[in-house]
Amino acid sequence: MKKADIAEFFRRLADRIPEPETELDFVNDYTLLVAVVLSAQATDAGVNQATRDLFAKVTTPEQMLALGEEGLKRHIRTIGLFNTKAKNVIALSQALVERHGGQVPADRETLQTLPGVGRKTANVVMNCAFGAETFAVDTHVFRVANRTGLASGKTVDQVQAKLDRLVPQPWRRHAHHWLILHGRYVCKARKPECWRCVVRDLCAYRPKTPAPGSEEKALMRAGQRRPKGCTPRRGWRDPGGRL
């Protein structure tokens with residue numbers, strides 16, 4: 001994608017959602033960190049359902065340690081891999097208390113030393129909690145970046161590096177949120193809804209998905225002028241009643 005097209009790509013997404021935010025519910029930096037750790041291989045909606053009662057009681061690493069691993073499991077057992085995630089949340093809470101005074105560090109490399117915190121989680125926390133211009137590449141971002149031609153890459157690291165290099169100001173801070181939301185609600189995995197996409201003319205994806213019903217209408221129009229000797233497919237109904 002050309003440099004000017006990249007800027008226009010994000011300008012249009014920004015017009016639709018000027019101030020995008022994570023769809024994970026959280027109370028403070030610590031609960032944001034916990035929510036992001038829990039969201040691995042889980043939906044934001046599922047995490048929010050599990051943490052609703054949890055975050056009403058627990059908002060600090062000290063409170064999480066007091067709750068304990070078994071207590072945490074009772075809150076998050078509806079989330080995939082909840083046993084492993086519970087161990088990591090307790091371990092990272094212990095590390096925060098022992099090494100960081102109970103505070104979430106505003107440094108990506110330091111965040112990645114915490115149990116259960118990888119690059120994507122650290123990038124999300126740095127962006128949402130501290131306003132850093134980071135690019136957290138999840139499944140939606142990876143798909144949209146490759147499908148549109150915005151930042152093609154075979155790995156998450158390649159896509160992240162390209163986004164970091166190509167996305168211009170003033171779009172950098174919110175870029176990954178726009179891509180996540182676009183992938184979640186428009187450029188869907190199974191069937192992108194190209195007919196309502198604001199960047200479809202900038203996108204490399206072919207063929208574009210037509211609007212619902214347009215394929216059937218096209219078949220109907222073609223059927224009214226069916227060439228001589230053409231046999232319709234089984235179950236097809238000619239609008240003129242010819243079979």
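Provided above is the structure to which this section pertains.
Asker: If you had to explain the overall build of the protein chain to someone new, which residues and values would you point to?
Answerer: A tally of regular secondary structure across the protein chain gives 11 helices and zero strands. Along the chain direction, N to C, the helices and strands of the protein chain fall in the order α-α-α-α-α-α-α-α-α-α-α. Out of the 243 residues belonging to the protein chain, those deemed buried represent 42%. Contacts spanning at least 24 positions in sequence make up 56% of the contacts within the protein chain whose residues lie at least 6 apart.

Asker: Outline the side chain of K73, listing residues and values.
Answerer: Take K73: it is sitting in helix α4 (residues 61-76). Overall, K73 belongs to the buried group, its relative accessible area being 12%. A polar side-chain atom of K73 sits 3.3 Å from a polar atom in the side chain of N83. Once residues within four sequence positions are removed from consideration, K73 is found in contact with F82, N83 and A86.

Asker: How would you sum up the environment of H176? Please name residues and give values.
Answerer: As for its placement among the helices and strands, H176 is situated in helix α10 (residues 175-185). A relative accessible area of 2% means that H176 is categorised as buried. When the C-alpha positions of H176 and H140 are compared, they lie 9.4 Å apart, and in sequence the two are 36 residues distant. Other than its neighbours up to four places away in sequence, H176 contacts V124, N127, T134, F135, A136 and V141.

Asker: Describe unusual backbone geometry, with residues and values.
Answerer: For the peptide bond that leads from Q169 to P170, omega is 5 degrees, which places it in the cis range. The topology assignment puts P170 in the loop between α9 (156-166) and α10. Positive phi values are uncommon outside glycine, yet Q41 reaches one of about 55 degrees. Although it is not a glycine, L81 sits at a positive phi angle of roughly 60 degrees. The topology assignment puts L81 in the loop between α4 and α5 (82-100).

Asker: Help me get a handle on the packing of aromatic side chains, residues and values and all.
Answerer: What the rule picks out here adds up to three aromatic pairs. Ring centres of W171 and W178 lie 6.1 Å apart, and the angle between their planes is 65 degrees; on these two criteria the pair is classed as edge-to-face. One aromatic cluster is present, formed by F9, F10, W171 and W178 through successive ring pairs. The lysine or arginine in question, R147, covers the ring of Y205, its NZ or CZ lying 5.2 Å from the ring centre.

Asker: I'd like a description of the layout of surface pockets, backed by residues and values.
Answerer: Put simply, the largest pocket is a space of about 350 Å³. Lining the largest pocket are 22 residues, and of these S39, D44, K120, D138 and R184 lie nearest its centre. Of all the secondary structure elements, the ones that give two or more residues to the lining of the largest pocket are α7 (119-130), α8 (139-148) and α10. With five residues, α10 is the largest single contributor of residues to the lining of the largest pocket. Split by residue class, the lining of the largest pocket holds eight nonpolar, eight polar and six charged. Considered as a void within the structure, the second largest pocket measures approximately 190 Å³ in volume.

Asker: Kindly report on α10, identifying the contributing residues and their values.
Answerer: Note: α-helices contain 3.6 residues per turn, so residues at a spacing of three or four share the same orientation. By the criterion of burial, α10 is predominantly enclosed, with nine of the 11 residues buried. Residues of α10 that are buried include every one of A175, H176, H177, W178, L179, I180, L181, H182 and G183, and no others. Contacts made by the buried residues of α10 are with α1 (3-16), α7, α8 and α9.

Asker: Could you give an account of the nonpolar core, naming the residues involved and the relevant values?
Answerer: Among the nonpolar cores identified, the biggest contains 35 residues, and L33 and M64 are the most heavily contacted of them. Mapped by element, the contributors of at least two residues to this core are α2 (29-38), α3 (44-57), α4, α5 and α7. Examining the composition of this core, we find that eight residues originate from one element, α2, more than from any other. What L33 contacts, discounting residues up to four positions off in sequence, is L92, L96, V104, L114, V117, T121 and V125. Grouped together as the second largest cluster of nonpolar side chains are 25 residues, F135, V186, C197 and L202 included.

Rules of the game
- Residues numbered from 1 in each chain as written.
- Predicted model: local features only at pLDDT ≥ 70, side-chain atom pairs only at ≥ 80, totals over all residues.
- Heavy atoms only, no water.
- Helix = DSSP H or I, 4+ residues; strand = E, 2+ residues; numbered from the N terminus.
- Buried < 20%, exposed > 50% of the residue type's maximum accessible area, 1.4 Å probe, protein only.
- Contact = heavy atoms within 4.5 Å.
- Polar contact = N/O pair within 3.5 Å; in protein donor to acceptor, adjacent residues only side chain to side chain.
- Phe/Tyr/Trp six-rings, centres within 6.5 Å; stacked < 30°, edge-to-face > 60°.
- Lys NZ or Arg CZ within 6 Å of the ring centre and 35° of its normal.
- 1 Å grid on protein atoms, 1.4 Å probe; cavity = no way out; pocket = protein on both sides within 12 Å on 5 of 7 lines; lining within 4 Å.
- Points joined across faces, edges and corners; volume = space filled by probe spheres on them.
- Nonpolar A, V, L, I, M, F, W, Y, C, P; charged D, E, K, R; others polar.
- Core = buried A, V, L, I, M, F, W, Y, C linked by side-chain atoms within 4.5 Å.

These figures come from the coordinates and say nothing about function on their own.
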